[in-house]
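Fold and contact review
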Amino acid sequence: MFAVQYHRYGGSEVLSVEEADEPHAGPGQVRIAVRATGVTPADWYLRSGMLRDIATVDFPHIPGMDAAGIVDEVGEGVTGTAAGEAVFGLVPFVDQGGAAAQYAVLEAWAPKPRSWSFEEAGGAAGNIDTATRVLEALGACDGMTLLIEGAAGGVGTVTAQLARARGLTVIGTASEGNHGFLDRLGVVPVTYGAGLADRLAALAPHGVDVVLDAAGKGSLAELVAIAGDPHRVVTIADFDAGRHAVRYLRSEAGESPGWAGLPLAARLADHGRLTVPLHAVFPLKEAATAHDVSATGHARGKIVLTVP
Ligand SMILES: NC(=O)c1ccc[n+]([C@@H]2O[C@H](COP(=O)([O-])OP(=O)(O)OC[C@H]3O[C@@H](n4cnc5c(N)ncnc54)[C@H](OP(=O)(O)O)[C@@H]3O)[C@@H](O)[C@H]2O)c1
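An unreviewed UniProt entry annotates the protein chain as Oxidoreductase of Streptomyces caniferus. Of the comments in the UniProt record for the protein chain, the one headed Subunit (unreviewed entry) reads "Homotetramer."

Okay, structure coming up:
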């Protein structure tokens, strides 16, 4: 099969489309003919080698942690799907990558919502998994107010919509050019940076109940002060979390509480309550450009690669 691969850590120039060994569905897994796959910041963090002390990769490495496509192999013990079904889902353990390819193995999946294109579905599963883990960890429920630092990105847009579906009010930080975009997602926009607490006082006079830091730009001290308690704050992006007594959430090998979010999200999508805003769509052969765009740190929604 063909796949995006790299043989050493480095800049996006180490990526190329080449022949690779086909994966096969193991017990509890399906294999899909990939139609689209998401590009996430972790793809280029891993590729650059900056995470090599905490998450090594085996070379050659195929990036990509989520995908959508057509089931073409069903592993032992799998029920409820069959060859030919359109699905979206997650590769077995995200650090292992593998989705930016002609075929990929999924360990968690759900039927592709009819209302989503393959591009939208291909970039959905990772963010749904993360958002679900975040909302569970925060005990998010009806009537609460959630502040998302970095709301306009891939994780932020999906977390905001899933939170709204649970009955939360969502306030999200973004640069001013993204305020109209957040507003259309039902999120109250606010500019990030110095003075955030003062700006929030006007928007949420009764305060915020829970906070997600999806930006990792060093604002945890201010976010804890805004929440009033570090236990009401989680970060997915700031390795300095421990210094602020804040929980750092990351995906682990094995079953994730986020997996249950996939079928739920698919149902919300089919009721028009969950969209996957796309920042940009590139063909697989332009994976290097897609990584570079992700590395600007200003994606508005999700970056996706399509597979011919
Ligand atoms: N631990 C986990 O399980 C996990 C899972 C998924 C992702 N992550 C991490 O979470 C982070 C976000 O991922 P993503 O996929 O959502 O990234 P993304 O799609 O690249 O989004 C980045 C967003 O950050 C915003 N931003 C940039 N500078 C900011 C600042 N100073 N303050 C607040 N927001 C700012 C940008 O908004 P503007 O353009 O408006 O500035 C942009 O919308 C990444 O670091 C990623 O690695 C962790």
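Tallied over the entire structure, the rule returns 2 cavities of 30 Å³ or more. A volume near 30 Å³ is recorded for the second largest cavity. Looking at the second largest cavity, the residues that line it are Thr37, Gly38, Val39, Asp43, Pro63, Gly64, Ala100, His291 and Leu305. The element best represented in the lining of the second largest cavity is strand β3 (residues 30-39), accounting for 3 residues. Of the residues belonging to the lining of the second largest cavity, the class tally is 4 nonpolar, 4 polar and 1 charged.

Together, Ile54, Phe239 and Tyr248 line one region of the surface with nonpolar side chains, adding up to about 320 Å² of accessible area. For Ile54, the location among the structural elements is in the loop between α1 (41-48) and β4 (66-74). Looking at Ile54, the relative accessible area reads 54%, which means it is exposed.

Basis of the calculations
- Residues numbered from 1 in each chain as written.
- Predicted model: local features only at pLDDT ≥ 70, side-chain atom pairs only at ≥ 80, totals over all residues.
- Heavy atoms only, no water.
- UniProt positions renumbered as here; feature names shortened; annotations may be inferred.
- 1 Å grid on protein atoms, 1.4 Å probe; cavity = no way out; pocket = protein on both sides within 12 Å on 5 of 7 lines; lining within 4 Å.
- Points joined across faces, edges and corners; volume = space filled by probe spheres on them.
- Helix = DSSP H or I, 4+ residues; strand = E, 2+ residues; numbered from the N terminus.
- Nonpolar A, V, L, I, M, F, W, Y, C, P; charged D, E, K, R; others polar.
- Patch = residues over 30% accessible without salt bridge, like charges linked within 9 Å, V, L, I, M, F, W, Y side chains within 5 Å.
- Areas by Shrake-Rupley, 256 points an atom, 1.4 Å probe, with all protein chains shown as cover.
- Salt bridge = Lys/Arg side-chain N within 4 Å of Asp/Glu carboxyl O.
- Buried < 20%, exposed > 50% of the residue type's maximum accessible area, 1.4 Å probe, protein only.

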